[in-house]
Amino acid sequence: MKFLTACALLPLLSGVANGFNPQSNLRRMSSTKLMVASSTASSSATASDEGEWSPTSWKSKVVAQAANYEDEDELNDAIEKLGNFSPLVFAGEVRTLHEQLARACSGQGFVLMGGDCAEAFGEFNVDHVRDSFRVILQMALVLTFGSAMPVIKIGRMAGQFAKPRSEPDEVRDGVALPSYRGDIINSEDFTPEARRHNPFNMVEAYHQSAQTLNILRAFSTGGYADISRLHAWNLDFVEQTDEGSRYRKFATKVDESLRFMKAIGVDTASPSFTKTDFFTAHECLLLPYEQALTRMDSTTGRWYDCSSHMLWVGERTRQMDGGHLEFTRGIGNPLGVKISDKCTPEELIEIIETMNPQNIPGRLSIVVRMGAEKLRKNLPGLIRAVQREGKSVLWISDPVHGNTRKTENGYKTRDFEKIRAELRAFFDVHDDMGSHPGGVHLEMTGEDVTECIGGFSDVTEETLGNRYNTFCDPRLNGAQALELAFLIAERMRLRTGLPPIE
């Protein structure tokens, strides 16, 4: 029975008809003319009770966490350059993700979203992208088996450069300079020139994002994601851990199922087994960049932000009268909004009605970041309000942001046990409320870093400094991320009445 169950789940692992497929992308490019959203653009494509929307209507609103560009001519020049560049993603890909998220809203899917806290120019290389991609493949394989439903793979990649900051300035030895806001805005070196907000960093971010997307497309459709290679997805340093051993045993069972299917005549060389859908997402923070990459799809008349398949608005920029909600309400991309315990049920309903006024399934995901105790207290009321108003949203857990602390020796870190506790609380509340726990959002990497404490990888406060490489917030390493995938899979199997993974 277990063997046959694995066989039945294998077709769920891919679903590649409309993902990163170069040939289908060419068809979309040839059939879809994209109009550029310039600084003078206007649109009759999208209107609402709040008035006409255009890619520049956000400028009439208050913009939190805005970059401070000193030279307006430089800014306009950078925006013009970006406006003349090709889209990074295409409307057809975006619609495919939307369709998959709509099914997840009805309980027929689970989102796995992961990647770096912030991408950096100096850290970019093919191996870094590959290692993050393959640990996500590992996690998706485990989660698919656990949930018996498709897993939607979304990378925090190819655009996750900007970061919000609590303070506009950083002070060192009595010297105050602008805070480091991510490579798309300024540089980390503590000098006046490095910390200057440089609009041409957006151009460099575009070029790195284009390279990252090319790499991801090659890996997802060029044979690397072939499920027959599932043993090769195990990262070298994870191989030696308990979770690596557990994955190896698990992969052997799936491999046996593949051989069985091949023996009875199933074509395991078909695209369903050799390719996979993979999407990208980032925080919609730097609005000049997003505006410059917004295009109108002539087949639908809709505007799409072609910097990414999905965008989310953060806790610090989701003001009802702010520029970020104004911008996102008019684009056709799937959206997310992050909420903490500060969000009231009334406020959440207002956000939903602003970002998804037509109540379209798959349009909006609510990403919850609270910490376990506050989540148990506050999430039921939020779910109850959504259910009462009949709103269609996808609930996603972000168990890392609410569990950040600073150690005595000055390292910002996160405790694995607290991350696990928040995930457990997330599933418990949804079990109680009869709602669907629709996904998980993690800051993670495929590299062997020592930034988060705990888990079978046995990182401690004393060993944090060994490989503390983050440019921003601490990330789970590959072993810790895989351990979480097994924990989530076990919980999902419990929900569906399936036996534990052995």
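Refer to the structure presented above.
Everything in this summary refers to the structure shown in the same document.

How each quantity is defined
Residues numbered from 1 in each chain as written. Predicted model: local features only at pLDDT ≥ 70, side-chain atom pairs only at ≥ 80, totals over all residues. Heavy atoms only, no water. Helix = DSSP H or I, 4+ residues; strand = E, 2+ residues; numbered from the N terminus. Buried < 20%, exposed > 50% of the residue type's maximum accessible area, 1.4 Å probe, protein only. Contact = heavy atoms within 4.5 Å. Areas by Shrake-Rupley, 256 points an atom, 1.4 Å probe, with all protein chains shown as cover. Phe/Tyr/Trp six-rings, centres within 6.5 Å; stacked < 30°, edge-to-face > 60°. Lys NZ or Arg CZ within 6 Å of the ring centre and 35° of its normal. Salt bridge = Lys/Arg side-chain N within 4 Å of Asp/Glu carboxyl O. Patch = residues over 30% accessible without salt bridge, like charges linked within 9 Å, V, L, I, M, F, W, Y side chains within 5 Å. Lys, Arg positive; Asp, Glu negative; His and termini not counted. Charge placed at Lys NZ, Arg CZ, Asp CG, Glu CD. Core = buried A, V, L, I, M, F, W, Y, C linked by side-chain atoms within 4.5 Å. 1 Å grid on protein atoms, 1.4 Å probe; cavity = no way out; pocket = protein on both sides within 12 Å on 5 of 7 lines; lining within 4 Å. Points joined across faces, edges and corners; volume = space filled by probe spheres on them. Nonpolar A, V, L, I, M, F, W, Y, C, P; charged D, E, K, R; others polar.

### Re the overall build of the protein chain
1) Next: Broken down by element type, the protein chain carries 16 helices and 17 strands.
2) Next: Here the protein chain holds 502 residues, and 59% of them are scored as buried.
3) Next: Expressed as a percentage of contacts within the protein chain between residues at least 6 apart in sequence, the contacts between residues at least 24 apart total 77%.
4) Next: For the protein chain, the accessible surface area stands at approximately 19600 Å², while carbon and sulfur atoms represent 49% of it.

### Brief notes about the packing of aromatic side chains
1) Next: Under the criterion given, the structure shown has ten aromatic pairs.
2) Next: Taking the centre distance of 5.9 Å and the plane angle of 20 degrees together, the rings of F133 and F219 count as stacked. Residue F133 is found in helix 5 (residues 126-147), and its partner F219 is found in helix 7 (residues 201-221); the two are separated by 86 residues along the sequence.
3) Next: Aromatic side chains F426 and F427 sit 5.9 Å apart centroid to centroid with 90 degrees between the ring planes, which places their arrangement in the edge-to-face category.
4) Next: Taken together, the ring pairs connect F133, F219, Y224 and F278 into an aromatic cluster.
5) Next: Sitting over the face of the ring of Y224, R229 holds its NZ or CZ atom 4.8 Å from the ring centroid.

### Digging into the side chain of S392
1) Next: On the secondary structure map, S392 appears in the loop between helix 14 (372-389) and strand 14 (394-397).
2) Next: In this view, S392 contacts C105, N356, N359, P361 and L364; residues no more than four positions away in its chain are not counted.

### A word on the pattern of salt bridges
1) Next: One pass over the structure, following the stated rule, counts 33 salt bridges.
2) Next: Taking the shortest distance from any N to any O, the salt bridge between R196 and E70 comes out at 3.8 Å. In this pair, R196 sits in the loop between helix 6 (192-195) and helix 7 while E70 sits in the loop between strand 3 (51-52) and helix 3 (72-84), placing the two residues 126 residues apart along the sequence.
3) Next: Linking R329 and E326 is a salt bridge whose minimum nitrogen-to-oxygen distance equals 2.8 Å. The pair R329 / E326 is uniform in exposure class, with both members buried.

### What about a negative patch on the surface?
1) Next: Residues D71, E72, D73, D77 and E80 make up a contiguous surface patch of negative charge.
2) Next: Counting through the fold element by element, E72 comes out in helix 3.

### Observations concerning the nonpolar core
1) Next: If you look at the biggest cluster of nonpolar residues, it comprises 88 residues, and the most contacted ones within it are Y247, I366 and W395.
2) Next: For this core, the element with the highest residue contribution is helix 5, accounting for eleven residues.
3) Next: By size, the runner-up hydrophobic cluster in this structure holds 28 residues, among which are A67, L82, L286 and Y289.

### A word on the layout of surface pockets
1) Next: Estimates place the volume of the largest pocket at around 1200 Å³.
2) Next: Residue assignment for the lining of the largest pocket shows that the elements contributing at least two residues are strand 6 (169-172), helix 14, strand 15 (404-406) and strand 16 (412-414).
3) Next: Residue classes in the lining of the largest pocket are distributed as nine nonpolar, twelve polar and 22 charged.

### Focus on unusual backbone geometry
1) Next: The residue Q65 is not glycine, and still its phi comes out positive at about 60 degrees.
2) Next: Mapped onto the secondary structure, Q65 falls in the loop between strand 3 and helix 3.
3) Next: Phi is positive for D173, which is not a glycine, with a value near 50 degrees.
4) Next: Position of D173 among the secondary structure elements: in the loop between strand 6 and strand 7 (175-178).

### Considering the environment of Q208
1) Next: Mapped onto the fold, Q208 is located in helix 7.
2) Next: Taking the relative accessible area as the measure of exposure, Q208 reaches 7% and is therefore buried.
3) Next: Here the alpha-carbon distance between Q208 and G159, two residues 49 residues apart in the chain, equals 8.4 Å.
4) Next: When neighbours within four sequence positions are excluded, Q208 is seen to be in contact with E119, A120, F121, F124 and F161.

### Here's the deal with a nonpolar patch on the surface
1) Next: Where nonpolar side chains cluster on the molecular surface, the patch consists of F260, I264 and V266 and spans about 240 Å² of accessible area.
2) Next: Considering the arrangement of structural elements, one finds I264 in the loop between helix 9 (242-263) and helix 10 (271-274).
3) Next: Since its relative accessible area comes to 54%, I264 is described here as exposed.

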